[in-house]
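Here is what each chain is made of, one letter per residue.
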Amino acid sequence: MAGDFADGPVIFGYGKHTPVQQDMKLEKSVELKVVFDVSQANKDGGLNRGYDSVARFLNMHVANGVPIENIHLAIVVHGSATNEMRNDKAYKAKYAKENPNMELLSRLLKNGVQIVQCGQSAAYYQLANQDMIQGVDMVLSAMTAHAILAQNGYSQNPF
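Q: Provide a residue-level description of the environment of Val10, including the pertinent values.
A: The residue Val10 is located in the segment before β1 (32–38) in this model. Sequence separation between Val10 and Met60 is 50 residues; the distance between their C-alpha atoms is 9.1 Å. Those residues in contact with Val10 that lie beyond four places of it in its chain are Leu58, Asn59, Val62, Ile68 and Asn111.

Next up, the structure:
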């Protein structure tokens, strides 16, 4: 039976989820440290599902009683998704339209999600630091970011 999917309670308009009967108990005191890897831009130039997955992870865990302060999320961006890290001015200059990911990425950043951009991909796609969305951090490489986050206790989301 399909559930009713809803957004919120943290990021409204994104990250829809539904209640489920759980067999694996989700402890309310759990501390979650998860990194998401986003390497592909949306092929249609719309919202990237990878970022929406991060919103869903945040929304569904808070909705199920995990305090937001116990949820530590990071996104490592590389490959063609690099172009989605362009701020409004740089994105508009490249594509002659607004970045369809800007609103969601801004909300994720405001809710403590760390977003790091692979420097190697940035160089390849000619993305300068000053052209990135405010709050996105440049790192030497995506491989470096994953290694550092793993050392800090982050597990990688396999989806």
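Q: Requested: an account of helix α3 (residues 102–110), with residues and values cited.
A: Within the span of α3, buried status applies to Met102, Leu104, Leu105, Leu108 and Leu109. For α3, the buried positions fall inside an angular range of 165° around the axis, keeping them on one side. The inward-facing, buried residues of α3 abut α1 (49–63), β2 (71–77), α2 (88–95) and β3 (114–118). After α3 finishes, the residue Gly112 shows a positive phi value of roughly 85°.

Q: Outline the side chain of Gln117, supporting the account with residue identities and numerical values.
A: Inspection of the secondary structure assignment puts Gln117 in strand β3. Leaving out residues up to four positions away in the same chain, Gln117 has contacts with Val77, His78, Thr82, Met85, Ala122, Leu127, Met132, Val136, Asp137, Met138 and Val139.

Definitions and limits used
- Residues numbered from 1 in each chain as written.
- Predicted model: local features only at pLDDT ≥ 70, side-chain atom pairs only at ≥ 80, totals over all residues.
- Heavy atoms only, no water.
- Helix = DSSP H or I, 4+ residues; strand = E, 2+ residues; numbered from the N terminus.
- Contact = heavy atoms within 4.5 Å.
- Buried < 20%, exposed > 50% of the residue type's maximum accessible area, 1.4 Å probe, protein only.
- Arc of directions from axis to C-beta.

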